[in-house]
Amino acid sequence: WLTLPSLPVRATEHTLIAVKPDGVQRRLVGQIIHRFEQRGFKLVGLKMMQASEDLLSEHYREIVKKPFYPLVRAYMTAGPVIVMVWEGSNVVQSSRKMVGPTNGAEAQAGTIRGDFSFHVGRNVVHASDSTEGAQREIGLWFQENELLNWESCDQDWTIEAN
Ligand code: IDP
């Protein structure tokens, strides 16, 4: 699903975006999806799920030994999450900019965290931080058959062919 046979010259990239349990509880799912849609990125996978502790410790393997990790685990398992895979050129880096820094108190207005959060432990959304990380996280949260390779009708208006 990573290759687009009909569009061989258009480099593409994927990232994992998740609306965390606070974002779901606060009914921010639509607004968060809207930001990625309006930027022009393409949604290729989406589901709601309850994260297990095992999945989370794999997902957060870089912070699993940190003293605050039990708080992260409690937060992230407190309710359902929405996980998504978005596709587009440079989508990993662009998404991180759209999401803003980890602590909403330091995030600029206009970013998702800057607009919807002010505490590091309730920061509403996850975005992969590298292309390698994104591939790993997508593999953790999604089965291959849950991701769709489809052609959006506006792609000629969001991507200039070269
Ligand atoms: P990121 O989500 O911006 O990539 P990471 O450093 O990878 O940030 O941390 C993962 C998640 O762990 C954060 O989004 C946040 O929910 C939580 N977290 C990070 N640092 C703290 C902390 O000091 N206290 C509580 N939760 C934290």
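Heads up: the structure comes first, above all this text.
Residues numbered from 1 in each chain as written. Predicted model: local features only at pLDDT ≥ 70, side-chain atom pairs only at ≥ 80, totals over all residues. Heavy atoms only, no water.

**Student:** Where do I start with the overall build of the protein chain in this structure?
**Tutor:** A tally of helices and strands in the protein chain yields eight helices and four strands. Starting at the N terminus, the α and β elements of the protein chain follow one another as β-α-α-β-α-α-β-α-α-β-α-α. Taking 162 residues into account, the globule formula puts the C-alpha radius of gyration at 15 Å, and the protein chain, at 16 Å, falls close to it. Expressed along its principal axes, the backbone C-alpha trace of the protein chain runs to roughly 50 × 35 × 25 Å. Counting every position in the protein chain, which comprises 162 residues, the buried fraction comes to 45%. (Helix = DSSP H or I, 4+ residues; strand = E, 2+ residues; numbered from the N terminus. Rg over C-alpha atoms; globule rule 2.2 N^0.38 Å. Buried < 20%, exposed > 50% of the residue type's maximum accessible area, 1.4 Å probe, protein only.)

**Student:** Would you take a moment to explain the nonpolar core for this structure?
**Tutor:** What tends to happen in soluble globular proteins is that the nonpolar side chains get buried as a cluster. With 20 residues, the main nonpolar core has Ile32, Phe36, Trp86 and Ile112 as its most contacted residues. Among the elements of the structure, strand S1 (14-19), helix H2 (29-39), strand S3 (81-87), helix H5 (91-99), helix H6 (112-116) and strand S4 (125-127) are those that each provide at least two residues to this core. The leading source of residues in this core is H2, at four residues. Judged by nonpolar contacts, the second largest core, of 18 residues, contains Ala51, Tyr69, Val81 and Val85. (Core = buried A, V, L, I, M, F, W, Y, C linked by side-chain atoms within 4.5 Å.)

That's the geometry; what it means functionally is another story.
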